[in-house]
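If you want the building blocks of each chain, they are given just below.
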Amino acid sequence: MPLERLTPDKRRELTRSHLLAAAAQVFAEKGFHAATLDQIADAAGFSKGAVYSNFASKDELFLALIRQQGDSMVDAYAEVGDGEGQTASEHIAALADVYLRLQTDLTQSWALTTEFDLYALRNPGVLEGLRAGNRAVHEHVVDLLRAHFDADGVDPPLPVEDLASLYIAIFSGLWHQKALDPDSVPDELAAVAVDLVARAANTFGTAKKRRRRAGLT
């Protein structure tokens, strides 16, 4: 097969992806404050100019990294699906497997994120960027939940935006707790909690078909 020609856009995409991978490694090893763009460029095998051609600052690079990781996490759980055709234990096991694969170095990743959160709280411009990234991940979860309830023909008992916040809070809270005291949080607890909330939302929701027949839509 002929080699695919690298267009400028494709080359830029590959460079950006490589820089993000290098940034993840360097930030994890050094922490946000101690890491430098020179170190990231060196780890990626690029010049510092290549970093600046893709990211205006270390702040922007870190924000792009956590946005990428957040989207990847949501996509990974979406691939598991809503458990259709599975027993409850099978669905929980599938969710737990994703959770464990994503948490390769739980304490280190939590410490890095917390370090940046504290930095952002003291820097309004950075904080707005962090909030924008968090809102984007939240919207991603909202879209997945809306598709799930539409497919099941259910109006959930809470707005999907609130349910999305609840899911994120489950993962964030358990992540915090497990990072500080790993033995206090069973590996499958996040999956059990997510499955429980999903089943409760379906159980206490209102069937859309029943509402339409009653002339309420």
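Refer to the structure above for everything that follows.
The structure presented is a predicted model; accordingly, all values stated were derived computationally and were not measured.

(A) Highlighting helix α4 (residues 58-80). Between its terminal C-alpha atoms α4 stretches 34 Å, which fits the 33 Å expected from 23 residues at 1.5 Å a residue. Taken from the residues just after α4, Gly81 is the one with a positive phi, measuring 85 degrees.

(B) Examining the pattern of salt bridges more closely. Tallied over the full model, the rule gives eight salt bridges. Where Glu128 meets Arg135, a salt bridge forms, and the shortest distance between an N and an O atom there is 3.2 Å. Exposure remark for Glu128: the relative accessible area of 40% places this residue in the partly exposed category. A residue is classified by how much of its surface remains accessible, and Arg135, at 46% relative accessible area, is partly exposed. As a salt-bridge pair, Asp143 and Arg146 come within 3.9 Å of each other at their nearest N and O atoms. Taken together, the residues span about one helical turn, with Asp143 and Arg146 both in helix α7 (residues 124-152) at a distance of three residues. Linked by salt bridges that have partners in common, Asp143, Arg146 and Glu161 make up one network.

(C) Looking closely at helix α1 (residues 8-30). Given a rise of 1.5 Å per residue, 23 residues ought to cover 33 Å, and the 32 Å separating the end C-alpha atoms of α1 matches this to within 8%. Within α1, the full set of buried residues consists of Thr15, Leu19, Leu20, Ala22, Ala23, Val26 and Phe27. Within two residues after α1, Gly31 carries a phi angle of roughly 90 degrees, on the positive side.

Cut-offs used in this document
- Residues numbered from 1 in each chain as written.
- Predicted model: local features only at pLDDT ≥ 70, side-chain atom pairs only at ≥ 80, totals over all residues.
- Heavy atoms only, no water.
- Helix = DSSP H or I, 4+ residues; strand = E, 2+ residues; numbered from the N terminus.
- Expected span 1.5 Å × (residues − 1).
- Salt bridge = Lys/Arg side-chain N within 4 Å of Asp/Glu carboxyl O.
- Buried < 20%, exposed > 50% of the residue type's maximum accessible area, 1.4 Å probe, protein only.

Function-wise, these values are silent; they only describe arrangement.
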